[in-house]
Structures are given as C-alpha cells and as structure tokens.
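Descriptive analysis of the structure
Here is how the chains run, residue by residue.
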Amino acid sequence: MLHITPLNIADLFQKQVNLNPRAWIFASATLAVNHHFTHFQHELGLWSAETATWDSPFDYKQQAVLYVPQDMPQPNTAEYTRAVVEKAWPLLQTTQGHAFLLFTSLRAMREAHEILLEKLKAAGLDWPVFLQGTGSRTELLDQFRKEPNAILVASQTFWEGIDVRGEQLSLVVIDKLPFSPPDDPVLSARMEQLTKAGRSPFMDYQLPNATITLKQGAGRLIRDESDIGILMIADSRLVEKQYGKMIWKSLPPMYRSRDLANVQKFYAVQREKARTNDVDGDMSTAENQHN
C-alpha cells in the first residue's frame, strides 16, 4: 500500500482560491502563534490575507493558573513519565480528581496510567480512572462527565474537540511540549525542503506546530466564564529554553507560578469565590421570585 502526501499545499490551495473568487474566512482560537498568523499564512499561501485577533471573554488571570513544576528530569529520560505523575499527584488531591492527564505518546500514556493506579491504591482512593482506547471517545467522555473524582488518561485524541465545563474538569496535565517525532518521514522531508529554501525548519515549522497543538490541549481547561482550573505543563523547556518564551506567550494569559503551594492556594481561593458567587446568585434569584 502506498501513501502519498504533499509537502506543501500552498500552491494547490491558491489554485482553489483563484478558481472561483469569493470571500474566505478562517476563524479559530488556536491559529495564531505569539499573536501572529505567519505560520498559517505560509502553509496555505495566504500572503496578502488580512488578519486580526480578539481577546477572549474569559478572565484567565482569575480563572486559571499555569504551573510548570521545578526539578523535573529531561523529557527524553526513562524516569520522566513517573516524575510527571508524581508532580501531578498533589494537584489531583487538591482538585479531588476531575482531571485530564494528556500525553504526547501512547507509551507514556499507558505507563502513567499504571503509575496512577498504583498511587490511588496506596492512598486508599477509589476514584474512577478512564484510559483512552478502552472505549470510544464519546463513551469515555460521557463516563467522565458522570463520575465524581474522575480522571481521564489520554493521548492526543483528547487534545482538541473536547468540551467539559464546570468543576468536573478542574485540572489538565500535559506531559511534554508536543513536538512531532523527528523520525517521521513526512516531517523529515518537510524539514529538508525548508532548509533548501533557506528557512529554519525548527522556527518556521516545528515550533509553530507544537505551539498550536499545545494551545489546543491547554484549551480543554477553561470552557466557560465561571470555570476555575489548573494547567500543569510538566516540560521545563517551556520556561528554561529561549524558544519556550514564544510558546507560553501564545497561551492564554493565565496566572503563572512554579511554586506548588501558590498554585494550590490560587485554586482554593478562586474556587471559593466562584462558589460564593453561585450562592449569592441563587439567593438573589430566590429573592426576586419571592418579590
């Protein structure tokens, strides 16, 4: 069986655009990289397109905290996945489950699932843990939404197109920056093509793609104006590498901290504020109905 994919679709897409002139509108929450659309325009040949971004209606600094834990091993080491679960464990206790643990590989996903089950058993906690592949995406999401203290361990199937609102999803953990594997033959060919064109394969292709994918995964957390949550990205390259600055600047403007106690305090305070507002709102509605 032979599979063929074009290395660049800009010329093909431009032929479609010019075939029947009309207005084209592309809208997404994740297309921009550091507030620019250069990568997307290069991919589709939209050199003269008008671009614009608008602020989100969510108050991210009050609704969410971005946590990059300290003292993590290098992402390519054998002990990395266990370290991810260990760093996520206090947060899972803080949010009482209600979490997505998202991994960049199926191997890491399965390893993390086993480690998590061990830790729950040792702690005497009977929380439901759902694993990607044990049911359809729809079935797993339905179960997750219904079960208290639920935890979903998944790979990139659950990084986009998922909408779980409210306290049921209060924590999203992402193990690594989602760079494509270097041994991918299509990626290798595209990188070679970019090099021949005098462009940087990393800055012009790998980094923008990883940024957009990370934004999609991070976007699972805050889905409503009343949501409160924690986003943990375990990969310290996000804050320790120069290119990481471009990535986190592309993420929603959440409150940021590398201190576990600060993260837990933020969540507790904001969650309590949200619950108080809910109670006040219910009381106000009751009073209005009475009057």
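See above for the structure.
These numbers were taken from a predicted model, which means no experiment stands behind them. (Residues numbered from 1 in each chain as written. Predicted model: local features only at pLDDT ≥ 70, side-chain atom pairs only at ≥ 80, totals over all residues. Heavy atoms only, no water.)

1. Some remarks on the overall build of the protein chain
Convention followed: A run of H or I in DSSP counts as a helix once it spans at least four residues, and a run of E counts as a strand once it spans at least two, with each numbered from the N terminus. The reference for a compact globule is 2.2 Å times residues^0.38; the radius of gyration itself is calculated from the C-alpha atoms. We get accessible surface area from the Shrake-Rupley algorithm with a probe of 1.4 Å; when it comes to residues, only the shown protein chains can shield them. Positive charges come from Lys and Arg, negative ones from Asp and Glu, while His and the chain ends are left out of the count. A single reference atom marks each charge: NZ on Lys, CZ on Arg, CG on Asp, CD on Glu.
Within the protein chain, the regular secondary structure consists of eleven helices and seven strands. A compact globule built from 291 residues should have a C-alpha radius of gyration of about 19 Å, and the protein chain, at 21 Å, falls within 12% of that. When its C-alpha atoms are laid out on the principal axes, the protein chain stretches across 65 × 55 × 40 Å. For the protein chain, the accessible area works out to roughly 16200 Å², and carbon and sulfur atoms hold 50% of it. Averaged over its 30 positive side-chain charges, the protein chain has a centre that lies 5 Å from the centre of its 34 negative ones.

2. Some thoughts on the packing of helix 7 (residues 185–196) against helix 8 (residues 201–218)
Each pair of packed helices gets described by two things: the angle between the helix axes and the distance between those axes. Threshold: For every element, the axis is a line fit to its C-alpha atoms; helices are fit only across the contacting stretch, and the angle between N-to-C directions ranges from 0 to 180 degrees. Note on convention: near helix rotated counterclockwise from far helix by under a right angle means a left-handed crossing. Clockwise means right-handed. Here, two residues are considered to be in contact whenever any of their heavy atoms come within 4.5 Å of each other. Residue classes follow a fixed rule: Ala, Val, Leu, Ile, Met, Phe, Trp, Tyr, Cys and Pro count as nonpolar, while Asp, Glu, Lys and Arg count as charged, and any other residue, Gly among them, counts as polar.
Across the interface, helix 7 lies against helix 8 with an axial gap of 9 Å and an inter-helix angle of 145°. Helix-helix and strand crossings are classified by hand; for helix 7 and helix 8 the assignment is right-handed. On helix 8, the residues touching Leu187, Arg190, Met191, Leu194 and Thr195 of helix 7 are Pro201, Tyr205 and Gln206. Residues belonging to the contact of helix 7 with helix 8 are distributed by class as follows: five nonpolar, two polar and one charged.

3. Thoughts on the side chain of arginine 190
Among the secondary structure elements, arginine 190 is positioned in helix 7. Sequence-distant contacts of arginine 190, that is, excluding residues within four places in its chain, are made with Thr5, Pro6, Leu7 and Tyr205.

4. What to know about the packing of aromatic side chains
This is how it is decided: Classification of ring pairs rests on two measures: the distance between centres of Phe, Tyr or Trp rings, Trp counted by its six-membered ring, which must be within 6.5 Å, and the angle between planes, read as stacked under 30 degrees, edge-to-face over 60 and tilted in between. Two conditions define a charge located above a ring, namely a distance within 6 Å from the ring centre to NZ of Lys or CZ of Arg, and an angle within 35 degrees of the ring normal.
In total, this model carries ten aromatic pairs according to the counting rule given. Between phenylalanine 58 and tyrosine 60, the ring centres sit 5.9 Å apart and the planes meet at 80°, which makes this aromatic pair edge-to-face. Grouping aromatic residues by their ring pairs yields a cluster made of Phe13, Trp24, Phe26 and Phe40. Seen from the ring of tryptophan 248, arginine 256 lies directly overhead, with NZ or CZ sitting 4.0 Å from the centre.

5. Observations concerning the side chain of glutamine 216
One can find glutamine 216 in helix 8. Those residues in contact with glutamine 216, other than ones at most four positions away along the chain, are Thr30, Trp159 and Glu160.

6. Concerning the environment of tyrosine 267
In plain terms, the rule: Pairing of N or O atoms within 3.5 Å defines a polar contact, subject to two protein rules: one partner must be a possible hydrogen donor and the other a possible acceptor, and residues neighboring in sequence count only if both atoms are side-chain atoms.
Checked against the element boundaries, tyrosine 267 lands in helix 11 (residues 260–290). Placed 205 residues apart in sequence, tyrosine 267 and glutamine 62 show a C-alpha to C-alpha distance of 9.6 Å. Apart from residues lying up to four places away in sequence, tyrosine 267 is in contact with Thr94, Thr95, Glu167, Ser170, Ile228, Gly229 and Ile230. A polar contact of 3.4 Å, which involves the side chain of tyrosine 267, links it to the side chain of serine 170.

7. Some remarks on helix 1 (residues 10–19)
Counted only if it meets this: Buried residues are those whose accessible area, probed at 1.4 Å on protein chains only, stays under 20% of the maximum for their type, while exposed residues exceed 50% and partly exposed ones sit between those limits. The directions considered for the arc run from the helix axis to the C-beta atoms.
Looking only at helix 1, the buried set comprises Ala10, Phe13 and Val17. Across the axial projection of helix 1, the buried residues extend over an arc of 70°, all falling on one side. Exposed and oriented more than 90 degrees from the buried face of helix 1 are Asp11, Lys15, Asn18 and Leu19. Tucked into the core, helix 1 has its buried residues touching helix 2 (38–44).

Scope: geometric values only; no functional claims are made or implied.
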